[in-house]
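# Breakdown of the fold
Listed here are the chains, written in short residue letters.
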Amino acid sequence: MQREWHAEATQLDGLGMSWRAIATQLGIPRSTVSDFLRKGPVKPAEKLSYAGRAKVLFIDLESAPTSAYIWKRWKENIGLSQVISEGYLLTYSAKWYGEDLMMSNRIHSPEDDRALTLEIAELFEQADVIVAHNAKRFDVPLTLTRMLYNGLVPPSPYKVVDTLEIAKKVFKFPSNSLDSLASYLGLDRKMHNEGFDLWKKCMAGEDEAFETMLEYNRQDVVVLEQVYEKLAPWYSQHPNLSVYYNDGQH
């Protein structure tokens, strides 16, 4: 019986349904659903045969900010001695293009993102192409920075597709934020949250806040994939996916 609800929960989760809605539909406690789904399996760290297609990874990260002592709130020059703690990863969500399974996780000890970074590094290792919104200035360099900090080795080569870059280079949207692009294109929208207070609660280790953050994170990936499918055909510099073969080599 447990395996049956595990399979159904995973399927609903992959379709982008919130953990609260899944729990209601299955008639089981939300905490039970969230405990199971946040421990979703990470695939082995090797490139898989994928019917001749590239392994395209959609990913979204949430991170903690740097904490520091400051005297004012505008144009403050912060010295190293004022820094209390540097930023680190809080959560991630990701999925492979063409697959339903949504992968996500969170840190479980304050400021300790090594295990989380390792999971993301394994996904980077498998990926031929990584897609994110603001990928080149945030998601990818932040991941590499935390990999270096946590003593990991560089992943195998991959290409990066940044939907924010496409929006800026090819089009002239009223706004280039992910939610604004989704609204303009008539797609699903990002999930609203309480703002920075949610980040503070996650940094304090509150489980309920992490559950909300992961739902927010996962919905971002759903929206990201939809926006990518609209923008990618217009991007002349998109990696040529036809050069990837069944044996995973390129």
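Residue positions are given per chain, counted from 1 along the sequence in the order it is written. For this predicted model, a pLDDT threshold of at least 70 governs which residues receive local features, and a threshold of 80 or more governs which side-chain atom pairs are given and counted, while totals over whole chains, interfaces and linings are taken from all residues. Each side-chain value is worked out from all heavy atoms of the structure, with water and hydrogens disregarded.

### So, the overall build of the protein chain
For the protein chain, the helix and strand inventory stands at nine helices and seven strands. The buried share among the 250 residues of the protein chain stands at 46%. Contact definition: two residues touch when any of their heavy atoms are within 4.5 Å. Sequence separation of 24 or more characterises 71% of the internal contacts of the protein chain that already satisfy a separation of 6 or more. A total of about 13,400 Å² of accessible surface is found on the protein chain, and carbon and sulfur atoms cover 53% of it. Helix and strand labels come from DSSP, where a helix needs a run of H or I of at least four residues and a strand needs a run of E of at least two; each type is numbered from the N terminus. For each residue, the accessible area found with a 1.4 Å probe, counting protein chains only, is set against the maximum for its type, and the residue is called buried under 20%, exposed over 50%, and partly exposed in between. Note on areas: these come from Shrake-Rupley sampling with a 1.4 Å probe, and a residue is covered only by the protein chains present in the view.

### Some details on the pattern of salt bridges
Criterion for a salt bridge: a side-chain nitrogen of Lys or Arg within 4 Å of a carboxyl oxygen of Asp or Glu. Scanning all chains against the criterion turns up nine salt bridges. Arg-146 is paired through a salt bridge with Asp-113; the nearest N and O atoms lie 2.8 Å apart. Separated by 33 residues along the polypeptide, Arg-146 in helix H5 (residues 135-149) and Asp-113 in the loop between strand E5 (102-106) and helix H4 (114-126) bring together distant segments of the chain. Just as Arg-146 is buried, Asp-113 falls in that class too. Of the charged contacts, one joins Lys-200 and Asp-197 as a salt bridge, the two residues approaching to 3.3 Å between their closest N and O atoms. Within this pair, Lys-200 and its partner Asp-197 are both found in helix H8 (residues 196-203), separated by three residues, close to a single helical turn.

### What about the environment of Arg-53?
Among the secondary structure elements, Arg-53 is positioned in the loop between helix H3 (30-37) and strand E1 (56-64). Taking C-alpha positions, Arg-53 is 9.6 Å from Asp-128, a pair spaced 75 residues apart along the chain. Arg-53 has contacts with Gly-98 and Tyr-244, leaving out every residue within four places of it along the chain.

### Considerations on the sheet that holds E5
What makes two strands pair is DSSP finding at least two bridges between them. The strand order across the open sheet built from five strands is E5-E4-E1-E6-E7, with neighbouring strands paired in mixed fashion. One side of each edge strand has no neighbouring strand; the edge strands of this open sheet are E5 and strand E7 (159-162). Neighbouring strand axes in the sheet, compared pairwise and without regard to direction, differ in orientation by 25° on average. To obtain an axis, a line is fitted to C-alpha atoms, over the contacting stretch when the element is a helix, and the angle between two such axes runs from 0 to 180 degrees between their N-to-C directions. The sheet contacts of H5 involve E1, strand E4 (88-96), strand E6 (129-132) and E7, and relative to E1 the element is tilted by about 75°.

### Quick look at unusual backbone geometry
Of note, the phi angle at Lys-75 is positive, near 50°, even though the residue is not glycine. Here Lys-75 lies in the loop between strand E2 (67-68) and strand E3 (83-85). Lys-75 gets classed as exposed once you look at its relative accessible area, which sits at 67%. Despite not being glycine, Asn-134 shows a phi value in the positive range, around 70°.

### Observations concerning the nonpolar core
Buried Ala, Val, Leu, Ile, Met, Phe, Trp, Tyr and Cys residues that are joined via side-chain atoms within 4.5 Å together make up what is termed a nonpolar core. Among the nonpolar cores identified, the biggest contains 30 residues, and Leu-57, Ile-59, Leu-90, Tyr-92, Ile-120 and Phe-124 are the most heavily contacted of them. Elements with a minimum of two residues in this core: E1, E4, H4, E6, H5, H8 and helix H9 (207-231). Ignoring sequence-local partners within four residues, the contact set of Phe-124 consists of Leu-57, Ile-59, Ile-130, Val-140, Thr-143, Pro-155 and Tyr-158. Formed by 24 residues, the second largest nonpolar core is a distinct cluster that contains Phe-58, Val-161, Leu-224 and Tyr-235.

### A look at the side chain of Arg-106
Here Arg-106 lies in strand E5. Residue class for Arg-106 comes out buried when judged on its relative accessible area of 7%. Those residues in contact with Arg-106 that sit more than four places away from it in its chain are Arg-38, Leu-90, Thr-91, Leu-116, Asp-207, Phe-210 and Leu-214.

### Topic: H4
An ideal rise of 1.5 Å per residue puts 18 Å on 13 residues; H4 measures up with 19 Å between its terminal C-alpha atoms. Those residues of H4 not exposed but buried are Leu-116, Thr-117, Glu-119, Ile-120, Ala-121, Leu-123, Phe-124 and Gln-126. Tucked into the core, H4 has its buried residues touching E1, E4, E5, E6 and H5. One less than the residue count of a helix, multiplied by 1.5 Å, gives the span that helix is expected to have.

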